[in-house]
Amino acid sequence: MADKVRLGLIQLCGCSGCHISLLDLHEQLLDVLPNLEIVYAPIIADAKEIPECDVFLIEGGARNEHDEHLIHEIREKSKVVIAWGTCAVYGGIPGLGNLYDTEQLKKTAYETESTDNIGELPSDEIVPPLTNSVMPVPSIVDVEYVIPGCPPRPEINAGAIVALLEGRDPELPKKIVCDECPRTKENVIPETFKRTFEGTPDPEKCLFEQGYTCVGMGTRAGCGALCPSAGVPCRGCYGKTDEVLDQGSSLANTFAAAGDEALKISDKSALFNRFTLPAALISKKQE
Amino acid sequence: MGKITIAPLTRLEGHGKVTIKLDDSGKPADVKLHITALRGFEQFVIGRPAEEVPRIVPRICGICQTAHHLASVKAVDAAWGAQIPSAAEKQRELMHLGNMIHSHALHFYYLAAPDFVLGPDADPAIRNVIGVIDAAPEVAKKAIAMRRVGQSMVEATGGKPIHPVTGIPGGLSKSMSEEKRDELLAVIDTMIQYGQDGLDLMKSLNEKYLDTINSLGVIDTWYLGLVKDGKHNFYGDTLRFVSPDGSEKMEFKPAEYLDYLGEHVVEHSYVKYPYNKKVGYPEGLYRVGPLAMINVCDSMSTPLAEEARKEFAETFGRPANQSIAYNQARLIELLSACERAKELLEDPEIVSTDVKAEVEPKAGNGVGVVYAPRGTLFHNYETDDNGIVTKANMIVATTHNVPTMEKAIQQAAEVLFKDN
Ligand code: SF4
Ligand code: SF4
Ligand code: SF4
C-alpha cells in the first residue's frame, strides 16, 4: 500500500477507549498520521456517510440492530476489516450482559430507585432495538484481523498499522501474560483462594501462587503484565491465546488443580470469562 | 411538516442522533436528541463481588474511565464502612487529576479547537484534529504534551492509563514510586504554562466569536457541581445546586442524592433525564460539567485558576448561561488541575506506602461521587453479607447534560433558522 491508506474508524458497543489508546501514541502520532487518510471517524470528524475504505477499525461489538447493520455496511465497503479491541473481538465487558435476559437489562436500567416514571420504556420504534445478546464482530462478518486488548496498548495499534502500511500481516503476541510478568513462580498450587482486598500480597511472588485469583496463565500477552505489576490480579482482558478454544475452560482447567477450594470462588463465570463471554462456548445464559 | 435528521452526531463520546421537526413555516418546532445505545451496567454488575466492580465500570467510558473507577471504589468503601489512609486519598486524587488533564486537553484541542482554530466554516474534511496539526502545529504539540502527562499521571498511580486498576476497597493496591513522582514533577511547571497558553488562545478567540457565544445555545438551567468548603474541587465531598439566576443554592452529601436527584424515562432516548427533585420535572433540568462547576463554586482552589475565573465571570456573567462558554470554563479547570497536581506532587505523602486499610466485606449501601470531566458522576451499590452486589444505580456524567443539550440545540436551531 504505497499511497495513503484510506482509514475508517468507528465505535459501536465499546467505550471509545480503543480510540483513546490510539491517541496515546502521543508524539508518535505525528509520524503515523501523515501516512493515513482518515475518511470516516465520527469521534473526531464530521463525515456522515461511510465511504469506500482500505482499512476499517471497528471498536466494540453489536448490542443493537443498528450496530449490526453498520458492521455489514462496513464489511461491504472495506478491503480490510479489523475487529479492534476486546469488545469487537470477544464482546468485552458489555458481554457480561449476556448473563441476563435482555428484557431484564432494560427493566433494571429504567426501574432504579431514582426513576420517577417506572413502567415507561424507550420506544423500540424510535431507538434501535437491542439484540438478543452482545455479538462480537467476527460472529457477524468475516474479518481479516483481530487486535484484542482492553484497550490494545498503543504500541500494538501502531505495530498493526505500520505492518499494514508495509504490506505485512499484523502479528499478535503468542505468549501468555505470565511470560511477561515480573513476579516469580515456584510452581505451587494455592491451598485456598483470597479476594483482592484480603491481606497484603508479597510484592515479588506470583499472585496466583499466593492464592489470588489471577488469570494471567490463560490470557494472551501484550500488555506487559500491567495488573500484576500494580499489585492486582490479571482479569484476562486480552482474551485467550491461539492455542486454546475457550478462555474460560482453559482457566477452569488450571484452577481445578486446587480441587474443592476452586469451587468456592464466587462468581466463576464472570471471572474466567470476564471479557470473553459472548465468544465463549457457552455464550449466553439459557432461559 | 418537514423533518431534519443529523446522524451520526460527531465529535462526541457515545451515540447520538438529532431530529428537528419543522412547522409549516419552516421553523424548528420540536428538537429531539436521541441517545441510541444501552449496555445495561446497572444489571450486570449485580452478582459480582463488589471489589471487582471498580474494574468493570471503567468500561462505561474510555475517556473518563478513571472517574468511574474512583467513584466506584468510593461507593464500595462507603458500603463496607472502610476508612482509607490519607496517603491513599491523595494518590487517588492525583490519579483523578491526571484523567482530568488528559480529558480536558482532548476535549478542547481535539474536539472543540478545530472549529475555532480553522473556523466553523472550514471544510468538514479538514475540520478535525489533523487539520489543526497542519494549520497550527505548536497548538497541536501542546495538546499532545498535556495529554501525555495526564495519561502518565494515571498510569503512575492507577497501573494503567486507560481503565486503571489500583483502586481497591480500603485504599490502593500499590503506591506511586518516587521515580515516577520525580518525572512528573519535572514537567508540571511546563503544563501549568501550557494551561495558561490555552486560556490566552481561547480569550483571543472570544474576541472574534463573542457574538456567536452570546447568542447560540444560551439557555437558563439549574447547575450541579462538586465543592469542598465551597471551593471548586474535582474530588470534592459536597454537591451543590445553583438556580438559573444564581439566587438559590442547595447543598447535599453524596449519600443524600436520592432526595435531590430524580430521573425520568423518555421514549425517544436510551438515557433517562435527570432533574433536581426539589424543583421537579422538567423545570428542574440542570447542567453539569465545567460551566456548571465554575458557576456553582465560590472560588477556585488554586491561584492562577481563580484569577481566570474572576475574568470569566466579568465576561460572561454569573452564572454564565452560554453553552459555548463551556470551552473557556474547561480551560480554567485544565489550568487548575495542573496547579493542584503540583501541590500533590510536592506533598511527601504522595509516595507513602501506607495506602491500604484492612476491610471486611459486609451488607451495606454506599454512594461514591466524583466530578468526571463531563460532569458529576454517581455510583451507588448495595451489597450482601459477603460483599456481593445486589443492587446498583449509576448516574453518569453525560446523561445529566442530555436533556439540556437538547434544549440548547433547540435554541441554536431557532436562531440559525431565523437567520436563514
Ligand atoms: S475493548 Fe476495552 S477499551 Fe476497547 S472499547 Fe471495549 S471496553 Fe473500551
Ligand atoms: S501473578 Fe498472575 S500473571 Fe503473574 S505469573 Fe502469577 S499468574 Fe501469571
Ligand atoms: S494484566 Fe491482564 S487484565 Fe491487566 S491489562 Fe494485562 S491482560 Fe488485561
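Residues numbered from 1 in each chain as written. Chains lettered and ligands numbered in written order. Predicted model: local features only at pLDDT ≥ 70, side-chain atom pairs only at ≥ 80, totals over all residues. Heavy atoms only, no water.

1. Regarding empty space enclosed by the protein
Over the atoms, a rolling probe the size of a water molecule traces out where space has been left empty.
Here is step 1: Here the structure, examined in full by the defined rule, presents seven cavities of 30 Å³ or more.
Here is step 2: The calculated volume of the largest cavity comes to roughly 290 Å³.
Here is step 3: Surrounding the largest cavity, 24 residues form its lining, Leu9, His19, Leu22, Leu23 and Ile44 of chain A being those nearest its centre.
Here is step 4: Contributing elements (two or more residues each) for the lining of the largest cavity: strand 1 (5-11), helix 1 (17-23), helix 2 (29-32) and strand 2 (36-40) of chain A together with helix 4 (86-117) and helix 5 (129-135) of chain B.
Here is step 5: Considering every element that reaches the lining of the largest cavity, the biggest residue donor is helix 1 of chain A, with four residues.
Here is step 6: Split into classes, the residues belonging to the lining of the largest cavity amount to 21 nonpolar, two polar and one charged.
Here is step 7: What the second largest cavity holds in volume is close to 150 Å³. (1 Å grid on protein atoms, 1.4 Å probe; cavity = no way out; pocket = protein on both sides within 12 Å on 5 of 7 lines; lining within 4 Å. Points joined across faces, edges and corners; volume = space filled by probe spheres on them. Helix = DSSP H or I, 4+ residues; strand = E, 2+ residues; numbered from the N terminus. Nonpolar A, V, L, I, M, F, W, Y, C, P; charged D, E, K, R; others polar.)

2. Re the layout of surface pockets
Residues and elements named next belong to chain B.
Here is step 1: By volume, the second largest pocket amounts to about 740 Å³.
Here is step 2: Along its surface, the second largest pocket is lined by 28 residues, and Lys74, Glu89, Lys228, Tyr235 and Asp237 are the ones closest to its centre.
Here is step 3: Of all elements in the fold, only helix 3 (65-80), helix 4, strand 7 (231-232), helix 11 (326-345) and strand 13 (364-372) reach the threshold of two or more residues within the lining of the second largest pocket.
Here is step 4: Split into classes, the residues belonging to the lining of the second largest pocket amount to nine nonpolar, eight polar and 11 charged.

3. Some words on the site of ligand 3
Here is step 1: For ligand 3, the full set of nearby residues is Val177, Thr219, Cys223, Cys227, Pro228, Cys234, Arg235, Gly236, Cys237 and Tyr238 of chain A together with Lys160 of chain B.
Here is step 2: Per-site note: the chains with residues close to ligand 3 are chains A and B.
Here is step 3: With respect to the pocket detection grid, ligand 3 is positioned in the second largest cavity. (Near = heavy atom within 4 Å. Sits in = over half its atoms within 2 Å of the grid points.)

4. Topic: the environment of Glu382 of chain B
All names here are of chain B.
Here is step 1: Counting through the fold element by element, Glu382 comes out in strand 14 (residues 375-383).
Here is step 2: For Glu382, a relative accessible area of 27% puts it in the partly exposed group.
Here is step 3: With 183 residues separating them along the chain, Glu382 and Leu199 place their C-alpha atoms 43 Å apart.
Here is step 4: Residues contacting Glu382, with those up to four places away along its chain left out, are Gly364, Asn365, Ile388, Val389, Thr390 and Lys391. (Buried < 20%, exposed > 50% of the residue type's maximum accessible area, 1.4 Å probe, protein only. Contact = heavy atoms within 4.5 Å.)

5. As for unusual backbone geometry
Here is step 1: Note the cis peptide between Tyr281 of chain B and Pro282 of chain B, where omega equals 0 degrees.
Here is step 2: Looking along the chain, the bond that leaves Arg318 of chain B and enters Pro319 of chain B is cis, with omega of -5 degrees.
Here is step 3: When you line up the elements, Pro319 of chain B lands in the loop between helix 10 (303-316) and helix 11.
Here is step 4: The phi dihedral of Ser16 of chain A falls on the positive side, at around 75 degrees, and the residue is not glycine.
Here is step 5: In this structure Ser16 of chain A comes out as buried when scored by relative accessible area, which is 1%.
Here is step 6: The phi angle at Ala225 of chain A is positive, at roughly 55 degrees, despite the residue not being glycine.

6. Topic: the pattern of salt bridges
Here is step 1: All chains considered together, the criterion is met by 33 salt bridges over all chains.
Here is step 2: One salt bridge connects Arg235 of chain A with Glu52 of chain B, and the closest N-O pair in it is separated by 2.8 Å. Within this pair, whereas Arg235 of chain A is found in the loop between helix 8 (226-229) and helix 9 (247-256), its partner Glu52 of chain B is found in the loop between helix 1 (41-44) and helix 2 (53-56), the two belonging to separate chains. Glu52 of chain B carries the same exposure label as Arg235 of chain A, and that label is buried. (Salt bridge = Lys/Arg side-chain N within 4 Å of Asp/Glu carboxyl O.)

7. Observations concerning the packing of helix 4 of chain B against helix 6 (residues 137-158) of chain B
Residues and elements named next belong to chain B.
Here is step 1: Closest axis-to-axis distance for the helix 4/helix 6 pair is 8 Å, and the angle between their directions is 155 degrees. On the basis of their axis angle, the class for helix 4 and helix 6 is roughly antiparallel. When the axes of helix 4 and helix 6 are compared, the crossing they make is left-handed. From helix 4, Gln91, Leu94, Met95, Leu97, Gly98, Asn99, Ile101, His102, Ala105, Leu106, Tyr109 and Tyr110 reach across to helix 6, where they touch Val139, Ala143, Ile144, Met146, Arg147, Gly150, Gln151, Met153, Val154, Thr157 and Gly158. (Axes fitted to C-alpha atoms, helices over the stretch in contact; angles between N-to-C directions. Parallel < 35°, antiparallel > 145°, perpendicular 65-115°, else oblique. Left-handed = near helix turned anticlockwise from the far one by under 90°.)

8. Some remarks on the interface of chain B and chain A
Put simply, an interface is often sized by how much accessible area is lost when its parts join up.
Here is step 1: Facing 88 residues of chain B, the contacting portion of chain A comprises 76 residues.
Here is step 2: Summing both partners gives a buried area of about 6800 Å² for chain B against chain A, and 58% of it is carried by carbon and sulfur.
Here is step 3: Looking at the side of chain B facing chain A, the largest losses of area belong to Gln43, Val265 and Tyr270 of chain B, adding up to 10% of the total buried there.
Here is step 4: The salt bridge involving Glu113 of chain A is made with Lys391 of chain B; its shortest N-O contact spans 3.4 Å.
Here is step 5: Where chain B touches chain A, the interface holds 31 residue pairs in polar contact (both at pLDDT 80 or more).
Here is step 6: If you list the elements that add at least two residues to the side of chain B that touches chain A, you get strand 3 (28-35), helix 1, helix 2, helix 4, helix 5, helix 6, strand 10 (261-264) and strand 15 (389-395) of chain B.
Here is step 7: Sort the elements by how many residues they give to the side of chain B that touches chain A and helix 6 of chain B lands first, with seven residues.
Here is step 8: A breakdown of the residues in the side of chain B that touches chain A according to their chemical character gives 43 nonpolar, 23 polar and 22 charged. (Buried area = accessible area lost by both parts, 1.4 Å probe. Polar contact = N/O pair within 3.5 Å; in protein donor to acceptor, adjacent residues only side chain to side chain.)

9. Side note on the sheet that holds strand 5 (residues 78-84) of chain A
Residues and elements named next belong to chain A.
Here is step 1: Strand order in this open sheet of five strands is 2-1-3-5-7, and the pairing throughout is parallel. A single partner strand is all that each edge strand has here, and the edge strands are strand 2 and strand 7 (145-147). In this sheet, adjacent strand axes meet at a mean angle of 30 degrees when their direction is disregarded.
Here is step 2: Across three bridges, the pairing between strand 5 and strand 7 is parallel. Residue Ile82 lies in a different strand from strand 7, and its bridge partner there is Tyr145.
Here is step 3: The strands touched by helix 3 (residues 65-77) are strand 1, strand 3 (53-59) and strand 5; relative to strand 5, the strand with the most contacts, the crossing angle is about 140 degrees.
Here is step 4: Sitting on the sheet, helix 6 (residues 154-165) is in contact with strand 1, strand 2, strand 3, strand 5 and strand 7, with an inclination near 155 degrees to strand 7. (Pairing = 2+ DSSP bridges.)

10. Observations concerning helix 5 (residues 102-110) of chain A
Here is step 1: By the burial criterion, the buried members of helix 5 of chain A are Thr102, Leu105, Lys106, Thr108, Ala109 and Tyr110 of chain A.
Here is step 2: Here the buried face of helix 5 of chain A lies against strand 4 (62-64) and strand 6 (130-135) of chain A together with helix 1 of chain B.

11. Considering a negative patch on the surface
Here is step 1: Judged by side-chain charge, Asp116, Glu120 and Glu125 of chain A together with Glu267 of chain B come together as a negatively charged surface patch.
Here is step 2: The partly exposed category is assigned to Glu267 of chain B, whose relative accessible area is 49%. (Patch = residues over 30% accessible without salt bridge, like charges linked within 9 Å, V, L, I, M, F, W, Y side chains within 5 Å. Areas by Shrake-Rupley, 256 points an atom, 1.4 Å probe, with all protein chains shown as cover. Lys, Arg positive; Asp, Glu negative; His and termini not counted. Charge placed at Lys NZ, Arg CZ, Asp CG, Glu CD.)

12. What to know about the nonpolar core
Here is step 1: Tyr110, Leu224, Phe241, Phe312, Tyr381 and Met394 of chain B are the most contacted members of the largest nonpolar core, which has 163 residues in total.
Here is step 2: Residue contributions to this core peak at 14 residues, all from helix 4 of chain B.
Here is step 3: Beyond its immediate sequence surroundings of up to four residues, Tyr110 of chain B is in contact with Leu23 and Leu29 of chain A together with Ala105, Val129, Ala143, Ile144 and Arg147 of chain B. (Core = buried A, V, L, I, M, F, W, Y, C linked by side-chain atoms within 4.5 Å.)

13. Overview of the side chain of Gln65 of chain B
Here is step 1: When you line up the elements, Gln65 of chain B lands in helix 3.
Here is step 2: If near-sequence neighbours (up to four positions away) are discounted, Gln65 of chain B is found in contact with Pro58, Asn99, His102, Pro161, Ile162, His163 and Pro164 of chain B.

14. Regarding the packing of aromatic side chains
Here is step 1: For the coordinates displayed, the defined rule picks out 16 aromatic pairs over all chains.
Here is step 2: Taking the centre distance of 5.0 Å and the plane angle of 65 degrees together, the rings of Phe208 of chain A and Phe255 of chain A count as edge-to-face. One end of the pair, Phe208 of chain A, is in the loop between helix 7 (177-180) and helix 8; the other, Phe255 of chain A, is in helix 9, and 47 residues separate them in sequence.
Here is step 3: Ring geometry for Phe234 of chain B and Tyr371 of chain B: centres 6.0 Å apart, planes at 20 degrees, overall stacked. In this pair, Phe234 of chain B sits in the loop between strand 7 and strand 8 (238-242) while Tyr371 of chain B sits in strand 13, placing the two residues 137 residues apart along the sequence. (Phe/Tyr/Trp six-rings, centres within 6.5 Å; stacked < 30°, edge-to-face > 60°.)

15. A short note on the pairing of strand 3 of chain A
Residues and elements named next belong to chain A.
Here is step 1: Within strand 3, seven of the seven residues are buried, leaving the element largely enclosed by the surrounding structure.
Here is step 2: Sheet topology places strand 1 next to strand 3; five bridges connect them, and they run parallel. Bridging from a neighbouring strand, Leu9 pairs with Leu57 of strand 3.
Here is step 3: With six bridges joining them, strand 3 and strand 5 adopt parallel strand pairing. Across the sheet, residue Cys53 finds its bridge partner in strand 5, namely Ser78.

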